[in-house]
Amino acid sequence: MADFQATQDTAELPLNFMVVDVKEPLPDEEKLRDEKLVNWILYQVDEWEQYRNNNYEEPWKEYYRAWKQVWTSDEKSRTSERSKFISPALQQAIEMAVSEAEESTFGRQKWIDLEDDIQDPEQMDVAFIRDQLLEDMDLNNVPEAIVECYLNGAIYGTGIGKIVISEEEEMVTYNGVTNEQTYTKCTLEPIAPEDFVIDPEAKTIDEALGCAHIVVKPKHGIEQKQAEGLYYAVPLGDYADDRDVTSKGEWKSTQVGDKVEIIEYHGLVPDELLTGDTSDEFRMTEAIVTIANRQALLKKVENPFHHRDRSIVAFQWDRVPNRFWGRGIAEKGINTQRALNAEIRARIDGMALTIHPMMAVDATRLPRGQKMEIAPGKTILTNGDPKSILNPMHYGEMSSHTYQQAGELERMLGMAVGVYDASSPVSQIRQNETLGGMSMIAAGSIKRGKRTMQNIERQFLKPMITKFVRRYMQFDPTRYPVKDYKFIPRSTMGMMAREFTMAQIAQAMQVVPPDQPAFGVLLENFFNNSSLPDKEKIKMEIEKMYQPKQPGPQEQLSLQKLMAEIEKIKSETVENYAQAGTKKAQTEINAFNAIANVEEQEIERRESKSRMD
């Protein structure tokens with residue numbers, strides 16, 4: 001039919017002939033294609049979800065409980081264990097690592113640097129775009145979302161975020177008049193790894209067939225988007241909430257029908273299912289598809305971004321070769337955490353036997369109905385001599401070795417996660433005994449932290465900033481002109497690395513004289529690494545202090561007089577040299593003339609004598 005339409009004039013067709021455009025399928029065909037698209041995506045998502053759950057679901061729950069200090073029956077190391085104690089060692093390691101990463105990222109006020117083309121004469125536009133991007137990110141709470149991604153990465157091993165762009169309305173007051181204004185909002189939504197699936201054979205977001213964000217949201221929010229036209233107006237269906245949250249020490253809502261499971265798929269889909277194009281059955285197109293309750297298609301759209309890049313960014317806290325899912329602080333320290341918990345719980349259970357009083361009693365010689373309990377001031381009735389009926393029980397003393405072993409386990413946990421901590425007693429961790437030992441521990445920890453931050457910068461921060469500016473340049477070109485920017489996040493030293501560096505600088509300042517320029521450089525770096533609010537002013541004063549001093553008016557006048565006298569002396573010296581040269585030349589001429597006169601007189605004498613002869 002399409003070929004026929006392309007070669008014939010529709011005016012020559014009979015009146016009863018209907019021209020049909022095959023590019024716009026009939027509603028039934030479109031509905032059938034949408035059902036096939038949903039089934040195709042669900043097949044991929046189910047396979048990926050099963051792989052993730054089989055390999056990571058149970059460990060992730062244990063990591064979460066260890067970080068949040070939640071006890072469940074799964075924490076028992078033996079059936080007779082009664083204590084529910086959970087050591088805070090792993091929790092402290094996670095929070096220290098996240099705080100170091102946060103300080104390294106946001107330690108400077110301008111934590112993003114942009115580089116422009118070297119041949120571009122206008123370099124100020126780059127600084128303007130950078131400041132505008134920092135302001136927009138701060139207003140949209142992007143730094144808070146980044147820190148949450150860091151926390152997910154430290155707990156689960158992988159930090160994931162989704163870039164969401166939307167148009168928002170705000171009230172703007174200008175000259176006393178308030179008007180409604182539309183602006184482009186770009187935010188970062190942190191994604192918990194347990195709410196994310198990806199092609200198991202892929203190592204990065206870009207090389208995967210696709211990935212999906214699976215999240216449960218309130219039903220009224222989805223219905224509102226349907227009313228606004230953002231989602232198709234289709235029945236949402238029912239959601240059977242089968243999530244197991246009790247193993248995480250939590251409870252979920254029992255209300256039915258007030259929540260919807262949303263699957264947002266980002267990736268490649270066959271053209272035949274997306275647009276109905278059957279010309280090439282192997283051709284696939286980058287798309288974004290949203291499905292509700294694993295049955296209703298809410299939205300399908302070809303990737304609308306100019307660079308066809310996906311809106312998902314992810315990083316591994318610690319790299320695992322040839323895998324997408326990384327290794328976090330919890331995974332590195334969980335074995336030591338288990339041993340530490342078992343050690344301390346066994347000690348607590350043993351303390352119940354050695355500290356609390358127990359009594360062995362001849363039950364045949366107690367009054368009927370006697371409730372046998374030990375309490376201060378309690379009277380115990382017996383049928384006979386209490387000394388022969390009651391016998392205090394004692395199971396010995398607690399060994400001090402268990403407490404020392406707990407300290408050793410804390411040291412092992414610090415070794416596993418690479419977090420330096422000098423809070424353990426010197427008797428248990430001998431490295432804390434000397435400054436050199438502590439410096440060696442700090443240096444190793446700083447190296448591991450720097451390695452983690454470089455990994456985060458390459459995999460997460462730089463792609464995220466690039467995607468942010470690309471979105472703004474596409475949808476808000478007035479505020480973000482289209483240019484060939486290069487985006488580089490500049491992380492600073494973490495808190496521990498900063499203090500370690502300041503200690504080294506302080507030691508160097510003790511051997512450098514204050515009047516030397518090197519002392520000024522050290523002093524400037526010392527305040528540069530500090531957390532003082534007015535350190536920029538202090539640095540400016542230090543620069544002024546070590547700059548060459550400009551002479552005052554009187555000093556300038558004296559200097560000018562001195563320079564004039566020097567010039568006068570120079571000119572007189574030149575003149576004297578010239579006069580001396582002239583005198584020397586005249587002396588030589590006089591000597592030559594005298595010799596010439598003598599020779600002339602001798603010649604005349606000889607000529608005169610010869611005439612006389």
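As a reminder, the structure under discussion sits directly above these lines.
So, here's what we can say about the structure. The residue numbers shown here count from 1 along each chain, following its written sequence. Local features in this predicted model are restricted to residues of pLDDT 70 or higher, and side-chain atom pairs are both shown and tallied only at a pLDDT of 80 or more, whereas totals for entire chains, interfaces and linings draw on every residue. With hydrogens and water set aside, each side-chain value is computed from the structure's full complement of heavy atoms.

Some points on the overall build of the chain
Every helix listed is a DSSP run of H or I at least four residues long, and every strand listed is a run of E at least two residues long, numbered separately from the N terminus. When helices and strands are counted, the chain shows 15 helices and 12 strands. Burial statistics for the chain: of 613 residues in total, 36% are counted as buried. Contacts are residue-level and defined by heavy atoms, with any inter-residue pair within 4.5 Å sufficient. Across the chain, contacts joining residues at least 24 apart in sequence account for 68% of those joining residues at least 6 apart. Using a 1.4 Å probe, the Shrake-Rupley method yields the accessible areas, and only the shown protein chains count as cover for residues. Split by element, the accessible area of the chain, about 38,100 Å² in all, is 53% carbon and sulfur. Residue burial is assigned from relative accessible area. The probe radius is 1.4 Å, only protein chains are included, and a residue is buried under 20% of its type maximum, exposed over 50%, and partly exposed in between.

Some thoughts on the sheet that holds strand 4 (residues 196-198)
For two strands to pair, DSSP has to find at least two bridges joining them. Strand order in the open sheet formed by five strands is 4-5-6-7-8, with antiparallel pairing between adjacent strands. Strands with a single pairing partner mark the edges of an open sheet, and in this sheet they are strand 4 and strand 8 (296-302). Each strand axis lies, on average, 20° off the axis of its neighbour in the sheet, ignoring direction. Summarising the sheet, strand 4 and strand 5 (residues 210-218) pair through three bridges and their orientation is antiparallel. Directly across from Ile198, in strand 5, lies its bridge partner Cys211. To obtain each axis, a line is fitted to C-alpha atoms, and for helices this fit is confined to the stretch in contact; angles are then taken between N-to-C directions over 0 to 180 degrees. Helix 6 (residues 219-228) rests against strand 5, strand 6 (259-270) and strand 8 of the sheet, and its axis sits at about 110° to strand 5.

Some remarks on the packing of aromatic side chains
Aromatic contacts are taken between Phe, Tyr and Trp rings whose centres are within 6.5 Å, Trp giving its six-membered ring; a plane angle under 30 degrees counts as stacked, one over 60 as edge-to-face, and the others as tilted. Throughout the structure, instances matching the rule amount to 16 aromatic pairs. Each ring, one from Phe106 and one from Trp111, has its centre 5.0 Å from the other, and the planes form 75°; the classification is edge-to-face. Overall, Phe106 belongs to the partly exposed group, its relative accessible area being 22%. With relative accessibility at 6%, the residue Trp111 sits in the buried group. On the numbers, 6.4 Å between centres and 80° between planes, the contact of Phe196 with Trp325 is edge-to-face. Taken as a pair, Phe196 in strand 4 and Trp325 in the loop between strand 9 (312-316) and helix 8 (329-354) lie far apart in primary sequence, 129 residues in all. Given a relative accessible area of 5%, Trp325 falls into the buried group. Remark: a charge is flagged as sitting over a ring if the NZ atom of Lys or the CZ atom of Arg is within 6 Å of the ring centre and within 35 degrees of the ring normal. Sitting over the ring of Phe305, Arg471 keeps its end group 3.8 Å from the ring centre.

Some thoughts on helix 5 (residues 142-156)
How far a helix is expected to stretch is found by multiplying one less than its residue total by 1.5 Å. Over its 15 residues, helix 5 runs 21 Å from end to end, which matches the ideal 21 Å to within 8%, given 1.5 Å per residue. Residues of helix 5 that are buried: Val142, Pro143, Ala145, Ile146, Val147, Cys149, Tyr150, Asn152, Gly153, Ala154, Ile155 and Tyr156. The first or second residue beyond helix 5 is Gly157, which carries a positive phi of 100°.

Considering helix 8
An ideal rise of 1.5 Å per residue puts 38 Å on 26 residues; helix 8 measures up with 37 Å between its terminal C-alpha atoms. The reported bend at a residue is simply the angle between two axes, fitted to the 7 residues ending at it and to the 7 residues beginning with it. Of all the bends in helix 8, the greatest, near 40°, is centred on Asn335.

Details of the nonpolar core
Definition used in this section: a nonpolar core is a set of buried Ala, Val, Leu, Ile, Met, Phe, Trp, Tyr and Cys residues joined via side-chain atoms within 4.5 Å. Ranked by internal contacts, the top residues of the largest apolar core, which has 66 residues, are Tyr150, Leu188, Phe196, Phe460, Met464 and Phe468. Here this core gets 10 residues from one element, more than from any other, and that element is helix 11 (residues 435-475). If we ignore the near neighbours within four places in the chain, the residues touching Phe196 are Arg52, Ile160, Ile191, Ile205, Cys211, Ala212, Ile312, Phe324 and Trp325. Judged by nonpolar contacts, the second largest core, of 18 residues, contains Val197, Val269, Leu274 and Ala287.

So, the side chain of Lys467
Along the chain, Lys467 falls in helix 11. What qualifies as a polar contact is a pair of N or O atoms within 3.5 Å, subject to a donor-acceptor requirement within protein and to the restriction that residues adjacent in sequence count only when both atoms come from side chains. Of the polar contacts made by the side chain of Lys467, one reaches the backbone oxygen of Arg310; its length is 2.8 Å. Ignoring sequence-local partners within four residues, the contact set of Lys467 consists of Ile163, Asp309, Arg310, Ile312 and Val313.

Focus: the sheet that holds strand 2 (residues 158-174)
Overall, antiparallel pairing links the three strands, which are arranged 3-2-9 in an open sheet. Either end of the sheet is taken by a strand with one partner, and the two such strands are strand 3 (177-191) and strand 9. Adjacent strand axes in the sheet meet at a mean angle of 25°, parallel and antiparallel pairs treated alike. Looking at chain direction, strand 2 and strand 9 are connected through five bridges and run antiparallel. The partner of Ile160 across the bridge, within strand 9, is Ala314.

Quick word on the pattern of salt bridges
Note on definitions: salt bridges are taken to be side-chain nitrogens of Lys or Arg within 4 Å of carboxyl oxygens of Asp or Glu. Within this structure, the stated rule accounts for 26 salt bridges. Here Arg243 makes a salt bridge to Asp241, at a shortest N to O gap of 2.9 Å. For Arg243, a relative accessible area of 38% translates into the label partly exposed.

Some remarks on the pairing of strand 8
Direction of pairing for strand 7 (residues 284-292) relative to strand 8: antiparallel, over a ladder of six bridges. Considered in strand 8, the bridge of Ile288 is made with Val301. The loop that links strand 7 with its antiparallel partner strand 8 comprises three residues; one of these, Asn293, has a positive phi angle of about 55°.

Scope: geometric values only; no functional claims are made or implied.
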